[in-house]
Amino acid sequence: MCTECGCGLPGDRPPGISGGHTHDHSHPHNHDHEHEGGLSHSHPHTHPHSHGHAHDHPHDHDHPHDHQHDDPGRQESRRTIDVRTAILAKNDRIAERNRGFFQGRGLLAINVASSPGSGKTTFLRETIRTLSPAMKAGVIVGDLATDNDALKLREAGAPVVQVTTGTVCHLEAEMISKALAAMPLGDLRLIIIENVGNLVCPASYDLGENLRVVLLSVTEGEDKPLKYPPMFQSANVVIVSKIDLAGPCSFDRDKALANIRRMSPGAVIFETSAKTGHGMDKWCEFLESQARNITTA
Amino acid sequence: MESALHLASEQARASGASRICSIRLRIGELSGVVPEALQFAFEALTPGTMAEGSTLSVEDVPARFWCRKCSSEFVAGTLFSECPVCQTPSAELRAGREMELASLEIE
């Protein structure tokens, strides 16, 4: 289940299997506690004691002792432990492993996120077609259901591994790690990860990518970056897609670019149209130069 | 939330606990986490686990940026990361993306 939106049913995901242990263990424990009823007993105790204050002082003194006996007894069982661990620490560890894998094989990995319907799949298909023949790409595509996107991407001739996430609204590092095992890596230079169409939860999940690419289509409006700060904050590249539709959508280009620059000051911006091919060359050149940096690193 | 509860149970068991009484999280302003969704997920997931009947508290962590021009850290007052002194947008987020299990009260 997703940390942000609560998608995905518990027990629905294979990695959640260890949750089975939790259940086994916790049941007996819960019963114990219900039997103990120590909690409800101890509360009534507190009340009589405070009443007793007014009555006899000596007892008062004794009572606090009683408390202390009780309390340590309970405190022994009830105590606070500092954990200070990232909730997604496990994901982050696997993401680091993926990153090492990419680095070791000289692969550039990009994680592409956007809202549903912003044209990710078409954009990526055209990207694969535009890249030079030496820049061979493999695609990992995440979808809740269907392999329509995978089929569309295969049209471009790239190997595609489909990850069907079921009810989960984002890809996780472990899914990528498994997908990589199924990917014919051969002479690939680029791994494109098409995330599930969603601008919220994928922002939190590092997949081990080198670049995080966020698509914003002109049909979505200029203020999209303001609505999804975490995703745009974390973007290395922002693609303004479908710019062939800018006119009909009365897209305010200056405003959109200003919003992107304010929300993602570190990001490189490309304006593209997968339909007309506008801007695709520049974007692909950028990818190739990034891939060269990986191999020389 | 499932990951948080999984981590919490793991930690609690490692400390020899049989029950989790309360869970404290630290959540960054820019983590994308909606506290209401957390609470909802918490209530949906805890029954039948060692955290059943426990309480959830969330400590908000403000987004802090580093301004290179001013060589100073600032807390963003708005959604934007502009330095309040020189107005330069900062790409260097120092804090605010946390999603952390801070502490547990166990017995």
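Chains are numbered independently. Their residues run from 1 in the order of the written sequence. Chain labels run from A onward and ligand labels from 1 onward, assigned in the order the entries are written. Two thresholds apply to this predicted model, a pLDDT of at least 70 for residue-level local features and 80 or more for giving and counting side-chain atom pairs, whereas whole-chain, interface and lining totals are computed over all residues. Just so you know, side-chain values use all the structure's heavy atoms and leave hydrogens and water out.

**Regarding the overall build of chain A**
When helices and strands are counted, chain A shows 11 helices and 8 strands. Pairs at least 24 apart in sequence give 75% of the contacts found in chain A among residues at least 6 apart. Only carbon and sulfur atoms are counted for the fraction: they give 53% of the accessible area of chain A, which is about 14,200 Å². By definition, any uninterrupted DSSP run of H or I lasting at least four residues is a helix, any uninterrupted run of E lasting at least two residues is a strand, and each is numbered from the N terminus. Contacts between residues were defined by any pair of non-hydrogen atoms, one from each residue, lying within 4.5 Å. Note on areas: Shrake-Rupley with a 1.4 Å probe; residue coverage comes only from the protein chains shown.

**Remarks on helix α2 (residues 35-45) of chain B**
All names here are of chain B. Here the term buried applies to any residue with accessible area under 20% of the maximum for its type, exposed to any over 50%, and partly exposed to those in between, with areas from a 1.4 Å probe on protein chains only. Three or more residues of α2 are buried, namely Ala-37, Leu-38, Ala-41, Phe-42 and Leu-45. Seen along its axis, α2 keeps its buried residues to an arc of 135°; they face one direction. Residues of α2 that are exposed and angled more than 90 degrees away from the buried face: Glu-36 and Phe-40. Looking at the buried side of α2, the elements it contacts are α1 (2-14), β1 (20-28) and β2 (55-61). Arc definition: it is the arc formed by the directions from the helix axis to the C-beta atoms.

**Side note on the packing of aromatic side chains**
The aromatic pairing rule takes the rings of Phe, Tyr and Trp, using the six-membered ring of Trp, and pairs them if the centres are within 6.5 Å, calling planes under 30 degrees apart stacked, those over 60 edge-to-face and the rest tilted. Going through the model one piece at a time under the given rule, you end up with 6 aromatic pairs over all chains. Feature note: the residues A:Phe123, A:Phe270, A:Trp283 and A:Phe286 constitute an aromatic cluster, connected by ring pairs.

**Some details on the environment of A:Val237**
Residues and elements named next belong to chain A. Mapped onto the elements of the fold, Val-237 is located in strand β7 (residues 237-241). In this structure the C-alpha to C-alpha distance between Val-237 and Gly-100, which are 137 residues apart in sequence, comes to 21 Å. With residues up to four places along the chain from it excluded, the contact list for Val-237 reads Arg-212, Val-213, Val-214, Ala-267, Val-268, Phe-270, Trp-283 and Phe-286.

**Side note on the packing of helix α4 (residues 89-104) of chain A against helix α7 (residues 173-182) of chain A**
Residues and elements named next belong to chain A. Interaxial angles span 0 to 180 degrees and are taken between N-to-C directions of axes, which are lines fitted to C-alpha atoms, for helices over the stretch in contact. Close contact between α4 and α7 brings their axes to 8 Å; oriented N to C, the two are set at 35°. The chirality of how α4 crosses α7 is left-handed. Of the residues in α7, those in contact with Lys-90, Asn-91, Ile-94, Ala-95, Arg-97, Asn-98, Phe-101 and Phe-102 of α4 are Ala-173, Glu-174, Ile-176, Ser-177 and Leu-180. Following the grouping adopted for this structure description, the nonpolar residues are Ala, Val, Leu, Ile, Met, Phe, Trp, Tyr, Cys and Pro, the charged ones are Asp, Glu, Lys and Arg, and the polar ones are all others, Gly among them. Residue classes in the contact of α4 with α7 are distributed as 7 nonpolar, 3 polar and 3 charged. It is the rotation of the near helix from the far one that decides the hand of a crossing: anticlockwise by less than a right angle makes it left-handed, clockwise makes it right-handed.

**Regarding the interface of chain A and chain B**
Counting residues at the interface gives 44 residues for chain A, matched by 47 residues for chain B. Any Lys or Arg side-chain nitrogen found within 4 Å of a carboxyl oxygen on Asp or Glu counts as a salt bridge. Here chain A and chain B share 3 salt bridges between them. Within 3.5 Å is the distance limit for a polar contact, defined as a pair of N or O atoms, with the added protein rule that one can donate a hydrogen and the other accept it, and that residues adjacent in sequence qualify only through two side-chain atoms. On inspection of chain A and its partner chain B, the count reaches 14 residue pairs in polar contact (both at pLDDT 80 or more). Elements that contribute at least two residues to the side of chain A that touches chain B include exactly α1 (19-36), β1 (79-86), α9 (229-233) and α10 (253-263) of chain A.

**Notes on the sheet that holds strand β3 (residues 64-67) of chain B**
Residue and element names in this part refer to chain B. Two strands pair under a simple rule: DSSP has to find at least two bridges between them. A sheet is described by the order of its strands in space; here 3 strands give the open sequence β4-β3-β5, paired in antiparallel fashion. Strand pairing shows two members of the sheet lacking a second neighbour, β4 (72-75) and β5 (93-95), which therefore form its edges. Pairwise comparison of adjacent strand axes, ignoring direction, gives a mean angle of 35° for this sheet. One ladder, built from 2 bridges, connects β3 with β5; its direction is antiparallel. Note that in β5 the partner of Phe-65 across the bridge is Leu-93.

**Thoughts on the side chain of A:Asn198**
Residues and elements named next belong to chain A. Relative to the helices and strands, Asn-198 is located in the loop between β5 (190-194) and β6 (211-217). Owing to a relative accessible area of 14%, Asn-198 belongs among the buried residues under this scheme. At 3.1 Å, the side chain of Asn-198 and the backbone oxygen of Cys-169 are in polar contact. Separated by 2.8 Å, the side chain of Asn-198 and the backbone nitrogen of Val-200 make a polar contact.

**A few points about the sheet that holds β5(A)**
All names here are of chain A. The parallel open sheet is built from 7 strands, whose spatial order is β4-β3-β5-β2-β6-β7-β8. Every interior strand has two partners, whereas the edge strands, β4 (160-164) and β8 (268-271), have only one. Neighbour-to-neighbour, the strand axes of the sheet open up by a mean angle of 20°, direction not taken into account. Judged from the 4 bridges that link them, strand β2 (residues 108-113) and β6 form a sheet pairing that is parallel. Note that in β6 the partner of Asn-111 across the bridge is Arg-212. Its contacts with the sheet put helix α5 (residues 120-130) on β2, β3 (137-143), β5, β6 and β7, and the angle it makes with β5 is roughly 170°.

**A few points about the confidence of the model for chain A**
Residue and element names in this part refer to chain A. Think of pLDDT as the predictor's per-residue confidence, scored from 0 to 100. Within chain A, residue pLDDT values average 80, and 73% of them lie at 70 or more. For chain A, per-element mean pLDDT is lowest for α1, which scores 35, and highest for β8, which scores 98. Counted against residues more than four places away or in other chains, residues 9-73, with its pLDDT under 50, gives 45 contacts.

**Structural notes on the confidence of the model for chain B**
Residues shown with low pLDDT carry predicted positions that ought not to be read at fine detail. Taken over all residues, the pLDDT of chain B has a mean of 91, while the share at 70 or more is 100%. Listed scores for the predicted complex are pTM 0.78 and ipTM 0.87.

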